[in-house]
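# Residue-level structural notes
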Amino acid sequence: MQITIKNETIQLKNSMRAIMCYEQITGKPFSPVTMTEMVIYFYSTIIASNLESVASEKVYKDCFSMMDLTTLKTDDTPASVSMLVEKVNAFQNNLRNSI
């Protein structure tokens, strides 16, 4: 499957790299069930399929600025939301260190 983002065509490929990216983002083993998890896997696949072109600080900032950290769970607590934010920040820091 191919997609085009900002006039750049990306050939999407399912790969171990995409699964590892998904697990890093979610902090759990690969097993997408919910729509949110499927979207996270889709983003993981885009990143993994085009890592050579997307591995820049500007691209990461753009990606993270588009993410919505709003949780839709009715049973969320300040602690669970804080843990979500910590996971995103840790992932962001890991990516920044790997550039």
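Residues numbered from 1 in each chain as written. Predicted model: local features only at pLDDT ≥ 70, side-chain atom pairs only at ≥ 80, totals over all residues. Heavy atoms only, no water.

### Here's the deal with the packing of aromatic side chains
The following threshold applies: Between the rings of Phe, Tyr and Trp (Trp by its six-membered ring), a pair exists once the centres lie within 6.5 Å; its type follows the angle of the planes, with under 30 degrees stacked, over 60 edge-to-face, and the other angles tilted. By the criteria applied, helices consist of DSSP H or I runs no shorter than four residues and strands consist of E runs no shorter than two, each listed in order from the N terminus.
Taken as a whole, this structure holds four aromatic pairs when the rule is applied. Seen from their ring centres, Phe30 and Tyr41 are 4.9 Å apart, and the 55 degrees between their planes marks the pair as tilted. Residue Phe30 is found in the loop between helix H1 (16-26) and helix H2 (35-49), and its partner Tyr41 is found in helix H2; the two are separated by eleven residues along the sequence. By the ring-pair criterion, three or more aromatic residues cluster together here, those being Tyr22, Phe30 and Tyr41.

### Some words on the confidence of the model for the chain
Here is the rule we go by: Looking at any residue, its pLDDT shows the predictor's confidence there, from 0 to 100.
Chain-level statistics for the chain give a pLDDT mean of 81 and a share of 86% at 70 or above. By mean pLDDT, the top-scoring element of the chain is H2 (90), and the lowest-scoring one is helix H3 (residues 51-54) (68).

### Examining a nonpolar patch on the surface
As a reminder, the rule being used: Only residues above 30% relative accessible area that lack a salt bridge enter a patch, with like-charged residues linked at up to 9 Å and the nonpolar side chains Val, Leu, Ile, Met, Phe, Trp and Tyr linked at up to 5 Å. Per-residue and other accessible areas follow the Shrake-Rupley method at a 1.4 Å probe size, with only the shown protein chains counted as cover for residues. Think of a salt bridge as a Lys or Arg side-chain nitrogen and an Asp or Glu carboxyl oxygen that are within 4 Å of each other. Here's how the labels work: a residue is buried when its accessible area is under 20% of the maximum for its type, exposed when over 50%, partly exposed in between, all with a 1.4 Å probe on protein chains only.
A surface patch of nonpolar side chains, amounting to about 410 Å² of accessible area, comprises Met35, Met38, Val39 and Tyr43. If you trace the backbone, Met38 turns up in helix H2. Exposure remark for Met38: the relative accessible area of 40% places this residue in the partly exposed category.

### A look at the packing of H1 against H2
Let me state the cut-off plainly: Think of each axis as a best-fit line through the C-alpha atoms, taken over the contacting stretch in the case of a helix, with angles from 0 to 180 degrees between the N-to-C directions. Each angle receives one of four descriptions, namely roughly parallel if under 35 degrees, roughly antiparallel if over 145, roughly perpendicular if within 65 to 115, and oblique otherwise. By convention the crossing between two helices is left-handed if the near helix lies anticlockwise of the far one by an angle smaller than a right angle, and right-handed if it lies clockwise. Two residues qualify as a contact provided that any one of their heavy atoms is within 4.5 Å of a heavy atom in the partner residue. Residue polarity follows a fixed list, in which Ala, Val, Leu, Ile, Met, Phe, Trp, Tyr, Cys and Pro are nonpolar, Asp, Glu, Lys and Arg are charged, and the others, Gly among them, are polar.
Between H1 and H2, the least distance of the axes is 8 Å, while the angle of their chain directions is 130 degrees. Relative to H2, H1 is oriented oblique. Of the two elements, H1 crosses H2, and the hand of that crossing is right-handed. Touching Arg17, Ala18, Ile19, Cys21, Tyr22, Ile25 and Thr26 of H1 are Glu37, Ile40, Tyr41, Ser44, Thr45, Ile47 and Ala48, all from H2. Residues that form the contact of H1 with H2 fall into these classes: nine nonpolar, three polar and two charged.

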